[in-house]
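Structural overview for review
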Amino acid sequence: MTLADISKAYLADLEIADTPVDLNLIRQIQSRHIAKYSFNSLAVVLSQDISIESEPVFQKIVVQGRGGYCFEHNKLVFDVLSELGFDARILLARVVYNSEADVPRTHRIT
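Not measured: the values here are computed from a predicted model. (Residues numbered from 1 in each chain as written. Predicted model: local features only at pLDDT ≥ 70, side-chain atom pairs only at ≥ 80, totals over all residues. Heavy atoms only, no water.)

Section: the environment of leucine 76
Within the secondary structure, leucine 76 is located in helix α5 (residues 70-83). The exposure class of leucine 76 is buried, given its relative accessible area of 1%. Not counting chain neighbours up to four residues away, the residues in contact with leucine 76 comprise Ile6, Tyr10, His33, Val57, Phe58, Ile61 and Val62. (Helix = DSSP H or I, 4+ residues; strand = E, 2+ residues; numbered from the N terminus. Buried < 20%, exposed > 50% of the residue type's maximum accessible area, 1.4 Å probe, protein only. Contact = heavy atoms within 4.5 Å.)

Observations regarding a nonpolar patch on the surface
Taken together, Leu42, Val45 and Leu46 make up a surface patch of nonpolar side chains, about 330 Å² in accessible area. Mapped onto the fold, valine 45 is located in helix α3 (residues 42-45). (Patch = residues over 30% accessible without salt bridge, like charges linked within 9 Å, V, L, I, M, F, W, Y side chains within 5 Å. Areas by Shrake-Rupley, 256 points an atom, 1.4 Å probe, with all protein chains shown as cover. Salt bridge = Lys/Arg side-chain N within 4 Å of Asp/Glu carboxyl O.)

So, the pattern of salt bridges
This structure, assessed with the given rule, holds four salt bridges. The closest approach of N and O atoms between glutamate 72 and lysine 60, which form a salt bridge, is 2.8 Å. Remark: lysine 60 occurs in helix α4 (residues 54-63) and glutamate 72 occurs in helix α5; sequence separation between them is 12 residues. Residues glutamate 72 and lysine 60 agree in their burial class; the two are buried. For aspartate 102, the salt bridge is made with arginine 94, and the minimal N-O distance between the two is 3.7 Å. The exposed category is assigned to aspartate 102, whose relative accessible area is 71%. A residue is classified by how much of its surface remains accessible, and arginine 94, at 41% relative accessible area, is partly exposed.

What about α5?
In this model α5 runs 20 Å from its N-terminal to its C-terminal C-alpha over 14 residues, within 8% of the 20 Å that 1.5 Å per residue would give. Most of α5 sits out of view: 12 of its 14 residues are buried. By the burial criterion, the buried members of α5 are Cys70, Phe71, Glu72, His73, Asn74, Lys75, Leu76, Val77, Phe78, Asp79, Val80 and Leu81. Each element contacted by the buried residues of α5 is listed here: α1 (3-13), α2 (23-36), α4, β1 (91-93) and β2 (107-109). Looking one or two residues beyond α5, the residue adopting positive phi is glycine 85, at roughly 105°. (Expected span 1.5 Å × (residues − 1).)

This is how it looks when you write it as structure tokens:
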């Protein structure tokens, strides 16, 4: 499956069609993605093998509806935005719980 196929199927699953490639499209993707696909770390907790390759992530989140954790969700969104022509970047981030503590970068954002 190509990134073009993944992007087309992903947008169809989110019911996004014939939309100009602009900031409004990113807003639609973000709000519909969060509403449809769960964030969970079950695979991490269960010590299951996790792939962050494009097709396995697409299959897990979109096709199987199993959700995923930040690296998986952000890989999928990164692939789609890149395929659409956006200049997307992958970054590592910290989760800060209203604390001054210096915590490691353990999360991924796009």
